[in-house]
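# Structural characterization, general
Okay, here's what each chain looks like letter by letter:
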Amino acid sequence: MVSVLSFQSAWAGNDNRRGTAGATELLINPWARSAGWGSVSIANVRGLDAFYSNIAGLAFTRNFEGTYSNTIYLGGKSGSTSGASINAFGLGIRLFESGVAGVSVMTMGFGDIDITTVDNPEGTAGTFSPSFMNIAVGYSHSFTRSIHGGAAIRIITESTDNISAQGFSIDAGIQYVTGADDELKFGISLKNIGTAMHFSGTGHSLTMVNDAGNNFTVETRSAEMELPTCLNIGLSYDFLFEKWAQRVTVAGSFTSNAFLKDNFALGVEYGVLNMVEVRAGYVYQTDIFSESDRTTANTGLCAGASVEIPLGKKDSNGKSNTSIELDYSFRSASPLKGTHSIGGTLKF
């Protein structure tokens, strides 16, 4: 812990770098379950949500897990909103008794945007549709009953009709579980370490006419963009009650962003009968309460719920070997509308 905190202090960057990173969609959680309490589950994330929070949590996948989540980001396509939507897919499979491999795909679209030019500022020359996508492949291993670790590699693309950028990144994380009932958990993850990105394509070309009336083409160069590297540290504790298999989990996390303000998150989750869970969280950063100085559209408050429907026999812990889980989450925002996510997961 001392080594990680010392590294964070030296690496955190300075205010001159804020907002200069590219591929910032990597900092948006596309999974409905973990987003419901502010992505605070660095220490106790389980299953395919681990591709965002902490890849070490992939080690807790049962045998097979498939999930899909749709997010209407900052209001999506209705009213005065961002116009953005996110789709995320994931598959996880246990390869060995202590090893799990998985893949996730996240796509982000912005709808049709009017093309505007100097000669056509009203945007009547058609539309264009930017799209972002990243594909990650990960592996997580349980070294002991208490220690779990994992890593993922990710390919990133951003494109329109005539311009695109590509990048490559690596995520890594560990989780430590202890206590008589594994109630205390600690986790660290390092995300988005990779290559710089820059845009290229015919969109950088401009045809001009010189004084002699000859046409010539000028091509501009795109500056490189660093990836939004971040370090996450999290802690969680489960309060367990025998009656109705109730559980109350309290979790906290700290995120050090190299190109954004640092985040502090606190969340609470309540589960009953190993079937129903409700959760809420708050993500704080400096000046988040100030409308004039806040540097994020998100205002911090998050909430969500999950229902797991058993499809087979239950094990000794009261959990079914086969089940379908439905998840929903909401994240508040201003002045844009909030973010809604809904997802489903098949486990067996």
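Our structure's up above, just so we're on the same page.
Bear in mind the structure is a predicted one, so any value in this text is a computation, not a measurement. (Residues numbered from 1 in each chain as written. Predicted model: local features only at pLDDT ≥ 70, side-chain atom pairs only at ≥ 80, totals over all residues. Heavy atoms only, no water.)

## Regarding the nonpolar core
In this structure, Trp-31, Val-45, Leu-48, Ala-50, Phe-51, Tyr-52, Ile-55, Leu-58, Ala-88, Val-100, Ala-136 and Ala-152 together form the largest nonpolar core, which totals 12 residues. If near-sequence neighbours (up to four positions away) are discounted, Tyr-52 is found in contact with Leu-26, Leu-27, Ile-28, Asn-29, Pro-30, Trp-31, Ser-39 and Lys-191. Within the second largest apolar cluster, 9 residues are counted, among which are Ile-28, Leu-74, Ala-84 and Met-108. (Core = buried A, V, L, I, M, F, W, Y, C linked by side-chain atoms within 4.5 Å. Buried < 20%, exposed > 50% of the residue type's maximum accessible area, 1.4 Å probe, protein only. Contact = heavy atoms within 4.5 Å.)

## Here's the deal with the state of the cysteines
Per the stated rule, a full pass over the model turns up 0 disulfides. In this structure Cys-230 is a free cysteine whose sulfur lies 16 Å from that of Cys-302, the closest cysteine sulfur available. Here Cys-230 falls in the buried class, since its relative accessible area comes to 2%. We classify Cys-302 as buried; its relative accessible area is 7%. (Disulfide = S-S within 2.5 Å.)

## Things to note about the packing of aromatic side chains
Scanning all chains against the criterion turns up 7 aromatic pairs. Ring centres 5.0 Å apart and planes at 45 degrees place the aromatic pair Phe-254 and Phe-264 in the tilted group. Note that Phe-254 is positioned in strand β13 (residues 246-257) and Phe-264 in strand β14 (residues 263-272), a separation of 10 residues in sequence. Ring centres 5.9 Å apart and planes at 40 degrees place the aromatic pair Tyr-284 and Phe-289 in the tilted group. Three or more aromatic residues joined by ring pairs make a cluster, and in this case those are Tyr-282, Tyr-284 and Phe-289. (Phe/Tyr/Trp six-rings, centres within 6.5 Å; stacked < 30°, edge-to-face > 60°. Helix = DSSP H or I, 4+ residues; strand = E, 2+ residues; numbered from the N terminus.)

## Concerning the pairing of strand β7 (residues 147-159)
Pairing analysis gives 12 bridges linking strand β6 (residues 131-142) to β7, with the strands arranged antiparallel. Its bridge partner lying in β7, Phe-132 is registered against Glu-158. The hairpin turn running from β6 into β7, its antiparallel successor, is 4 residues long. Strand direction decides the pairing type here: β7 and strand β8 (residues 164-178), joined by 13 bridges, are antiparallel. Each residue of the ladder has a partner; that of Ile-153, found in β8, is Ile-170. (Pairing = 2+ DSSP bridges.)

## Some details on the environment of Arg-46
If you trace the backbone, Arg-46 turns up in the loop between α2 (32-35) and β1 (64-73). Separated by 111 residues in the primary sequence, Arg-46 and Thr-157 place their C-alpha atoms 27 Å from one another. Beyond its immediate chain neighbours, meaning those up to four positions away, Arg-46 contacts Gly-57, Phe-60, Gln-175, Val-177 and Lys-185. From its side chain, Arg-46 meets the backbone oxygen of Asn-44 in a polar contact 3.4 Å long. Within the structure, Arg-46 has its side chain in polar contact with the side chain of Gln-175 (distance 3.0 Å). (Polar contact = N/O pair within 3.5 Å; in protein donor to acceptor, adjacent residues only side chain to side chain.)

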